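So the chains spell out like this:
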Amino acid sequence: MKRILVTGGAGFIGHHFINYLLTRTDWHITSLDRLDFSGNLNRLTNIIDESNNRDKAKKRLKIVFHDLRAEINEYIANDLGDFNYIIHMAASSHVDRSIEDPMSFVLDNVVATCNILNYARNFKKLEKFVYFSTDEVFGPAPISINYKERDRYNSTNPYSATKAGGEELAVAFQNTYNMPVIVTHTMNVFGERQHPEKFIPMTIKNVRDNKLVSIHSNAKKTKAGSRHYIHAEDVANACLFLLKQEYASLKNEVDFGGAKCPKFNIVGPIELDNHELAQEIAKAQNKKLNYEFVDFHSARPGHDLRYALDGSLMKKLGWEPKKNIFERIKDVVNWSIKNENWI
Ligand SMILES: NC(=O)c1ccc[n+]([C@@H]2O[C@H](COP(=O)([O-])OP(=O)(O)OC[C@H]3O[C@@H](n4cnc5c(N)ncnc54)[C@H](O)[C@@H]3O)[C@@H](O)[C@H]2O)c1
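Keep in mind it's a predicted model, so treat the numbers as computed, not measured.

What follows covers the site of the ligand. If you check the shell around the ligand, you find 29 residues, and the closest are I13, D33, S38, Y159 and K163. G11 places a main-chain nitrogen or oxygen 3.2 Å from an oxygen atom of the ligand. Contributing elements (two or more residues each) for the shell around the ligand: α1 (12-24), β5 (128-134) and α7 (158-177). Take the shell around the ligand: its biggest share by element is three residues, from β5.

Of note, N175 is situated in helix α7. The class of N175 is partly exposed, set by a relative accessible area of 41%. The sequence separation of N175 and K260 amounts to 85 residues, and the corresponding C-alpha distance is 7.1 Å.

Further remarks concern the nonpolar core. I4, V6, F17, I87 and M314 are the most contacted members of the largest nonpolar core, which has 41 residues in total. Residue contributions to this core peak at nine residues, all from helix α9 (residues 232-244). When residues no more than four places from it in sequence are discounted, the contact partners of V6 are G14, F17, I18, L21, I29, T30, S31, L32, I87 and M89. Counting 26 residues, the second largest nonpolar core, distinct from the first, contains V64, I76, L126 and V183.

To continue, consider a nonpolar patch on the surface. A surface patch of nonpolar side chains, amounting to about 220 Å² of accessible area, comprises M103, V106 and V111. The residue V106 is located in helix α6 (residues 102-120) in this model.

What follows concerns the sheet that holds strand β2 (residues 28-33). With parallel pairing, the seven strands of this open sheet are ordered in space as β3-β2-β1-β4-β5-β6-β11. Looking at which strands have only one partner, the edges of the open sheet turn out to be β3 (61-65) and β11 (263-266). Here the average twist between neighbouring strands, direction ignored, is 20°. Sheet topology places strand β1 (residues 3-7) next to strand β4 (residues 85-88); four bridges connect them, and they run parallel.

Let us now look at the packing of aromatic side chains. Each aromatic ring pair is specified by the distance between its two centres and by the angle formed by the two planes. Throughout the structure, instances matching the rule amount to nine aromatic pairs. When the centroid spacing of 4.7 Å and the interplanar angle of 25° are considered together, the rings of W27 and Y85 count as stacked. In this pair, W27 is assigned in the loop between α1 and β2 and Y85 in strand β4, connecting sequence segments 58 residues apart. A relative accessible area of 4% places Y85 in the buried class. Measuring from ring centre to ring centre gives 5.7 Å for Y291 and F293, while their planes differ by 55°; the resulting arrangement is tilted. Of the residues examined, F293 reaches a relative accessible area of 17% and is grouped as buried. Among the aromatic residues, those joined into a cluster by ring pairs are F83, Y119 and F123. Geometry around F37 places R97 over its ring, the cationic atom sitting 3.6 Å from the centre. A cation over a ring is seen here: R121 above Y177, with NZ or CZ 4.3 Å from the ring centre.

With 19 residues, α6 should cover 27 Å at 1.5 Å per step; its first-to-last C-alpha distance of 27 Å lies within 8% of that length. Where α6 bends most, the angle comes to about 30°, and this point is A112. Within the span of α6, buried status applies to S104, F105, D108, N109, A112, T113, N115, I116, L117, Y119 and A120. For α6, the secondary structure elements touched by its buried residues are β1, α4 (74-80), β4, α5 (95-100), β5 and α7.

So, about the state of the cysteines. All chains considered together, the criterion is met by zero disulfides. With no disulfide of its own, C239 lies closest to C261 among cysteine sulfurs, the gap being 14 Å. With relative accessibility at 3%, the residue C239 sits in the buried group.

Note that N265 resides in strand β11. There is a polar contact of 3.0 Å between the side chain of N265 and the backbone oxygen of Y147. Of note is the side chain of N265, whose polar atom sits 3.0 Å from the side chain of H185. Those residues within four positions of N265 in sequence are excluded, and the remaining contacts are Y147, K148, E149, H185, L309, D310, G311 and M314.

About the cut-offs
- Residues numbered from 1 in each chain as written.
- Predicted model: local features only at pLDDT ≥ 70, side-chain atom pairs only at ≥ 80, totals over all residues.
- Heavy atoms only, no water.
- Near = heavy atom within 4 Å.
- Polar contact = N/O pair within 3.5 Å; in protein donor to acceptor, adjacent residues only side chain to side chain.
- Helix = DSSP H or I, 4+ residues; strand = E, 2+ residues; numbered from the N terminus.
- Buried < 20%, exposed > 50% of the residue type's maximum accessible area, 1.4 Å probe, protein only.
- Core = buried A, V, L, I, M, F, W, Y, C linked by side-chain atoms within 4.5 Å.
- Contact = heavy atoms within 4.5 Å.
- Patch = residues over 30% accessible without salt bridge, like charges linked within 9 Å, V, L, I, M, F, W, Y side chains within 5 Å.
- Areas by Shrake-Rupley, 256 points an atom, 1.4 Å probe, with all protein chains shown as cover.
- Salt bridge = Lys/Arg side-chain N within 4 Å of Asp/Glu carboxyl O.
- Pairing = 2+ DSSP bridges.
- Axes fitted to C-alpha atoms, helices over the stretch in contact; angles between N-to-C directions.
- Phe/Tyr/Trp six-rings, centres within 6.5 Å; stacked < 30°, edge-to-face > 60°.
- Lys NZ or Arg CZ within 6 Å of the ring centre and 35° of its normal.
- Expected span 1.5 Å × (residues − 1).
- Bend = angle between axes of the 7 residues up to and from the residue.
- Disulfide = S-S within 2.5 Å.

If you want it as structure tokens, here you go:
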């Protein structure tokens, strides 16, 4: 049976990926997480409780506590064992917090990445190591520009810079030690059990409570920021799709000026501006949206109005998000209203 390690497994995207693996594979799954303010073991308990075969799911999921700021010592290594696949999702991910405290992001996103790469580099049966990166490494995208996998980087805040730093380490381990590393760049992810600081759960709650919704806009307050939002289940589906591809075939797809480490953009189906998105959230609750545009970007450098990636490489390989985005938004709103402890 294949063995997979998901770092950041108690995080938002990590637990969705684990849920997806539990239902779509028979693999043995290990979650490694240090459970900080954004990690929450109740996410994993929830998905186990909701699974069709609770006892079997429980047996297939092992939970290991470890802070990757420290190297993986002999005790932890014995507990973990080795793996066919590693997907490295553990990171500090809240942009505002990176602006307040950049060094903690260097430790979590660069040093921690080096620790997990170093641990994995002598594995004999490792088939793939996925470094789970972000669209934010490319910086803001001017209208009509959608960045491709090998476009230049332009970090506008410490979060994106440290994700780009971790990404370069992953590339270096592929080049130096011939590790089967691939990199993904994913756009803004949403779904059930997301941290309530994030825009979508916060908007669901504010609309429910008839509160004012603040929407980041341009300086003239005429245009809201936009993203290609993607549901966490679609992201999980894309990751499993990539894990199941032969590494050699992926390498052939992505050569760019001699660069080796394959990279893939995982992109939501359409570009949505945050005003449209908030309106959809209000519509799903049969409520009127009470909102204001806020020129957050002039006052707080480090926040970008538009991010955009080109998803054509994944389409060429045969992958696209499955479900309509408006249905996804409606489902998440309905779920969050029913499970209000998560918002
Ligand atoms: N949320 C998004 O829209 C988005 C988009 C693109 C990429 N990403 C990337 O996806 C990954 C997961 O994001 P998320 O939204 O699920 O974040 P999250 O904050 O919900 O989860 C991150 C998890 O990593 C754990 N963690 C952090 N530092 C750690 C360390 N040093 N050692 C061990 N565990 C540690 C946390 O406890 C948490 O459970 C991150 O790498 C992030 O950069 C997120």
